[in-house]
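# Analysis of the macromolecular model
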Amino acid sequence: MHHKQLSGEVYYPSSEVIERAHIKNWDELNETAKKDYPGFWEKMANELHWFQKWDKVIDDSQKPFYKWFTNAKLNVAYNCLDVHLKTFRRNKLALIWEGENGDLRTYSYHALHREVCKFANVLKSLGVNKGDRVTIYMGRIPEIIMAMLACARIGAIHSVVYGGFSVEALSERIEDSQSKVLIVADGAYQRGKIVPLKQIADEALQRCGTVENVLVVRRTGQQINMEQGRDMWYHELVNLPIANQNCALEIMDAEDPLFILYTSGTTGKPKAILHTQAGYMVGVYTTLKFVFDIHEEDRYWCAADPGWITGHSYIVYGPLLNGATSFLYEGAPNYPYPNRWWQMIEKYGINILYTAPTAIRGLMRFGESWVLRHDLSSLRLLGTVGEPINPEAWRWYYKVVGKEKCPIMDTWWQTETGMFMITPMPSVPLKPGSGTRPFPGIEMDVVDENGNSVKPNEEGYLVIKTPWPAMLRTVYKDPERYVNQYWSRFDGWYLTGDSAKKDEDGYFWIIGRVDDVIKVSGYRLGTAEIESALVSHPAVAEAAAIGLPHEVKGNAIYAYVILRNGFEKSSQLAEELRQHVAHEVGPIAKPEHIEFVDSLPKTRSGKIMRRVLKARALGQDPGNLSTLEE
Ligand code: PRX
């Protein structure tokens with residue numbers, strides 16, 4: 001195919017790649033979708049199963065509270081599993097799982113359907129009904145997927161809390177969601193050690209009061225406390241006659257909630273992003289199909305954690321809706337050796353690998369010999385997500401891992417968007433570090449303070465100008481925050497919180513967050529959460545957290561602390577504070593460095609000016625200081 005000549009470092013797809021791709025001509029699809037985006041999404045929706053079809057594809061009569069596929073009736077879990085049982089996919093592998101300790105489990109679609117139905121029956125026996133919230137706190141084991149789908153089957157709203165979070169983060173999320181049941185694993189393997197998930201959950205439950213039952217999945221088998229009447233072993237309940245493999249499903253309305261997922265915002269507590277049934281299903285199904293170009297024979301591996309949006313959309317829902325075979329691995333990429341990932345790609349014949357820049361940079365550090373000792377010829381497509389990928393890491397991924405034959409899908413999106421928003425497809429020419437252009441049917445732009453499009457290569461606010469099916473519907477129980485946070489800065493446009501540039505070819509380049517969100521190893525953390533964890537320690541009077549550039553993690557957290565009277569600064573206390581943050585929020589939030597200070601730069605209204613701290617740490621000019629108090 002003929003491609004327009006583009007500027008800069010460009011990688012054109014081979015004819016072999018284009019030949020195989022679902023979408024051979026991106027421009028054509030883009031044109032069609034631009035003319036009639038509801039029509040485009042409607043066509044995709046028709047590839048899925050509905051108990052009753054919609055009246056309208058999109059209802060914008062109460063924007064920004066958009067509705068999609070109004071009055072349609074469906075069940076997402078039915079589309080993930082049941083529909084495949086009537087085809088050859090019944091015997092196809094849905095899931096291949098490897099434990100960090102080498103355990104191996106596989107599930108055909110038939111088997112996964114059975115396990116999900118049994119799981120759903122166990123939840124029903126605990127009194128879980130349509131609309132109830134269920135918190136899930138586990139490592140990367142098959143049961144986390146089953147638990148999520150079991151909720152979807154019976155219409156319960158899952159709220160997955162990433163297994164790397166700790167006591168306060170978990171308790172806050174349980175409390176806010178008013179969950180009735182907590183599903184937890186006894187522990188999780190991580191670099192040969194055990195993360196005591198149940199013990200952390202016990203501590204979290206002492207701080208919040210809505211959970212009636214705790215369902216415990218055995219993974220590590222270590223000694224744990226089981227509270228009589230509250231805690232139940234999953235493996236015991238699932239073997240009772242109540243948990244048979246027939247489980248009536250709930251017929252859901254298009255706009256019924258599917259799940260909530262907490263994410264860090266600019267201020268205060270993490271917010272619960274609400275995703276609903278129909279639009280989310282259509283959005284993730286379509287984007288995965290076209291971007292990772294799912295074919296029947298593929299083995300697809302999204303190496304994220306199911307506890308983040310990447311896992312929700314592209315480990316759990318997207319692959320199963322597409323009838324794909326996906327791979328899930330429990331542990332760390334470099335355990336016990338830095339070839340663990342490459343070894344599994346070879347062993348299982350993985351065709352598509354989707355991961356984050358931080359993992360690529362981390363593995364790159366060990367040198368290419370670890371990669372080269374394995375046959376990675378099964379790989380056909382690569383992907384990245386979570387933060388901007390530096391061109392050096394991109395080229396390494398492209399050359400050393402992909403042998404210059406696997407296009408890299410750099411997908412920009414958010415917890416809130418639910419699905420890929422800026423992304424190439426295999427047939428699109430690539431530039432290292434750019435996610436290329438918005439997915440067909442979605443209009444995005446880079447604008448200045450007044451909402452005018454900026455000139456090519458100028459920095460501005462990244463905004464989304466058209467609604468998309470998997471968009472968040474609200475902040476759970478806080479519609480005001482939804483409107484203020486996302487739709488108020490520019491009327492009618494969605495504010496992403498990122499700054500970006502657009503080049504002369506219309507390619508988008510993400511620069512980073514413009515708010516107080518820090519991306520550490522691709523994980524999204526709010527300065528507010530880290531600061532409030534620090535202030536909860538008796539020695540701390542005030543605290544400020546910022547992100548500073550880090551070679552592997554992208555950003556590392558630096559915290560500035562003012563001590564209370566009577567406490568002396570010491571390296572011991574600094575270490576104690578770091579551990580305290582790890583205990584309250586999670587190891588991912590542990591500050592790299594703590595500096596004790598006597599004062600913090602603040603505005604006259606008392607807001608900490610983190611940008612001043614950051615400029616000082618980087619030896620840069622802090623810019624306009626007119627609002628600084630002292
Ligand atoms: O700053 C952008 C960055 O991650 C943010 C969203 O974080 P989260 O909700 O945790 O979702 C991450 C996984 C979808 C965005 O506002 N981000 C995500 N993908 C990219 C990215 N930055 C640059 N390039 C990407 N591909």
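All of the points below concern the structure found in this document.

Calculation notes
Residues numbered from 1 in each chain as written. Predicted model: local features only at pLDDT ≥ 70, side-chain atom pairs only at ≥ 80, totals over all residues. Heavy atoms only, no water. Helix = DSSP H or I, 4+ residues; strand = E, 2+ residues; numbered from the N terminus. Rg over C-alpha atoms; globule rule 2.2 N^0.38 Å. Buried < 20%, exposed > 50% of the residue type's maximum accessible area, 1.4 Å probe, protein only. Contact = heavy atoms within 4.5 Å. Near = heavy atom within 4 Å. Polar contact = N/O pair within 3.5 Å; in protein donor to acceptor, adjacent residues only side chain to side chain. Areas by Shrake-Rupley, 256 points an atom, 1.4 Å probe, with all protein chains shown as cover. Nonpolar A, V, L, I, M, F, W, Y, C, P; charged D, E, K, R; others polar. Pairing = 2+ DSSP bridges. Arc of directions from axis to C-beta. Axes fitted to C-alpha atoms, helices over the stretch in contact; angles between N-to-C directions. Parallel < 35°, antiparallel > 145°, perpendicular 65-115°, else oblique. Left-handed = near helix turned anticlockwise from the far one by under 90°. Phe/Tyr/Trp six-rings, centres within 6.5 Å; stacked < 30°, edge-to-face > 60°. Salt bridge = Lys/Arg side-chain N within 4 Å of Asp/Glu carboxyl O. Right-handed = clockwise from strand over helix to strand, strands pointing away. Core = buried A, V, L, I, M, F, W, Y, C linked by side-chain atoms within 4.5 Å.

### Focus on the overall build of the protein
Counting its regular elements, the protein contains 19 helices and 30 strands. For the protein, the C-alpha radius of gyration of 24 Å lies close to 25 Å, the compact-globule estimate for 630 residues. Looking at the protein as a whole, 63% of its 630 residues qualify as buried. Restricting the contact set of the protein to residue pairs at least 6 apart, pairs at least 24 apart contribute 71%.

### Focus on the site of the ligand
Looking at the ligand, there are 17 residues lining it, with Asp 410, Thr 411, Thr 415, Asp 498 and Arg 524 nearest. One nitrogen or oxygen atom from the main chain of Glu 387 is found 3.4 Å from a nitrogen atom belonging to the ligand. Within the contact set of the ligand, an oxygen atom lies 2.6 Å away from a side-chain nitrogen or oxygen of Thr 415. The protein chains hide 97% of the 540 Å² of surface that the ligand would expose on its own. Among the residues forming the shell around the ligand, the class breakdown is six nonpolar, five polar and six charged.

### Focus: the pairing of strand β8 (residues 181-185)
Where burial is concerned, most of β8 is hidden: five out of the five residues are buried. The alternating pattern of β8 places Val 181, Ile 183 and Ala 185 and Leu 182 and Val 184 on opposite faces, both of which are buried. Where β8 meets strand β11 (residues 213-217), five bridges bridge the pair, whose relative direction is parallel. Opposite Val 184, over in β11, you have Val 216 as the bridge partner.

### Let's talk about the environment of Gly 155
Checked against the element boundaries, Gly 155 lands in the loop between α6 (142-154) and β7 (157-160). Separated by 94 residues in the primary sequence, Gly 155 and Leu 249 have C-alpha atoms spaced 8.0 Å apart. Excluding its chain neighbours within four sequence positions, the residues that come into contact with Gly 155 are Lys 130, Gly 131, Glu 250 and Met 252.

### A few points about helix α2 (residues 26-35)
Among all positions of α2, only Trp 26, Leu 29, Asn 30 and Ala 33 are buried. All buried residues of α2 lie within an arc of 100° about the axis, which places them on one face of the element. Opposite the buried face of α2, at more than 90 degrees from it, the exposed residues are Glu 28 and Lys 35. In this structure, the buried side of α2 is in contact with α3 (37-45) and α10 (278-291). Of the residues flanking the start of α2, the one acting as N-cap is Asn 25, its side-chain oxygen 3.2 Å from the backbone nitrogen of Asp 27.

### Describing the packing of helix α17 (residues 527-535) against helix α18 (residues 571-584)
Direction vectors running N to C along α17 and α18 enclose 120°, while the axes themselves pass 9 Å from each other. With respect to α18, the axis of α17 lies oblique. Here α17 runs over α18; the crossing is right-handed. Across the interface between the two elements, Ile 530, Ala 533 and Leu 534 from α17 touch Leu 577, His 580, Val 581 and Glu 584 from α18.

### Description of the sheet that holds strand β18 (residues 352-355)
Here seven strands make up an open sheet; going across it, the order is β5-β4-β17-β16-β18-β19-β20 and the pairing mixed. The sheet is open, and its two edges are formed by β5 (104-108) and β20 (408-411), each paired on a single side. Each strand of the sheet is rotated relative to its neighbour by a mean of 15°, with strand direction disregarded. Relative to β20, strand β19 (residues 381-385) is paired through four bridges, and the arrangement is parallel. By the bridge assignment, Gly 383 is partnered in β20 with Met 409.

### Concerning the packing of aromatic side chains
All told, the structure shown has 40 aromatic pairs when counted by the stated rule. When the ring of Trp 50 is compared with that of Phe 69, the centres are 5.8 Å apart and the planes differ by 35°; the resulting orientation is tilted. Of the two residues, Trp 50 is situated in the loop between α3 and β1 (58-59) and Phe 69 in the loop between β2 (67-68) and β3 (73-74); the sequence distance between them amounts to 19 residues. With respect to burial, Trp 50 and Phe 69 carry one shared label: buried. An angle of 15° between the planes, with centres 4.0 Å apart, marks the rings of Tyr 314 and Phe 420 as stacked.

### Overview of the pattern of salt bridges
This model, assessed by the stated rule, comprises 45 salt bridges. In this structure, the salt-bridge partner of Glu 296 is Lys 92, at a minimum N-O distance of 2.6 Å. Of the two residues, Glu 296 sits in the loop between α10 and β16 (299-302) while Lys 92 sits in the loop between α4 (76-80) and β4 (93-98), which places them 204 residues apart along the sequence. Residue classification places Lys 92 among the buried residues on the basis of a relative accessible area of 10%. Three or more residues are tied together by salt bridges with common partners; here these are Arg 20, Asp 293, Glu 297, Asp 298 and Arg 380.

### Some words on the sheet that holds strand β30 (residues 593-596)
Sheet strands pair by backbone hydrogen bonding; their relative direction is either parallel or antiparallel. Pairing is mixed across the open sheet formed by three strands, whose spatial order is β28-β29-β30. Strands at the two margins of the open sheet, each flanked by one partner only, are β28 (540-550) and β30. In this sheet, neighbouring strand axes are inclined to one another by 25° on average, regardless of whether the strands run parallel or antiparallel. In terms of strand pairing, β28 meets strand β29 (residues 554-563) through 10 bridges, oriented antiparallel. When the bridges of β29 are listed, Ile 546 appears paired with Tyr 558. Each of β28, β29 and β30 touches α18; the most contacted strand, β30, lies at about 125° to it.

### Comments concerning the pairing of β30
Burial along β30 is one-sided: Ile 594 and Phe 596 are buried, and none of His 593 and Glu 595, which face the opposite way, are. Traced from β29 through α18 to β30, the parallel crossover comes out right-handed.

### Some thoughts on the side chain of Asp 505
Along the polypeptide, Asp 505 turns up in the loop between β24 (494-502) and β25 (508-513). Among the polar contacts listed, one links the side chain of Asp 505 to the side chain of Lys 431, at a separation of 2.6 Å. Those residues in contact with Asp 505 that sit more than four places away from it in its chain are Leu 6, Ser 7, Lys 431 and Arg 437.

### Overview of the nonpolar core
Formed by 171 residues in total, the largest nonpolar core has its most connected members in Trp 50, Phe 69, Ile 183, Phe 292 and Tyr 317. If you tally residues by element for this core, the top one is α6, at 10 residues. The contacts of Phe 292, once residues within four sequence positions are left out, are Thr 287, Tyr 300, Ile 352, Tyr 354, Arg 380, Leu 381, Leu 382, Gly 383, Met 409 and Phe 420. With 31 residues, the next largest nonpolar core counts Ile 96, Leu 353, Val 371 and Leu 376 among its residues.

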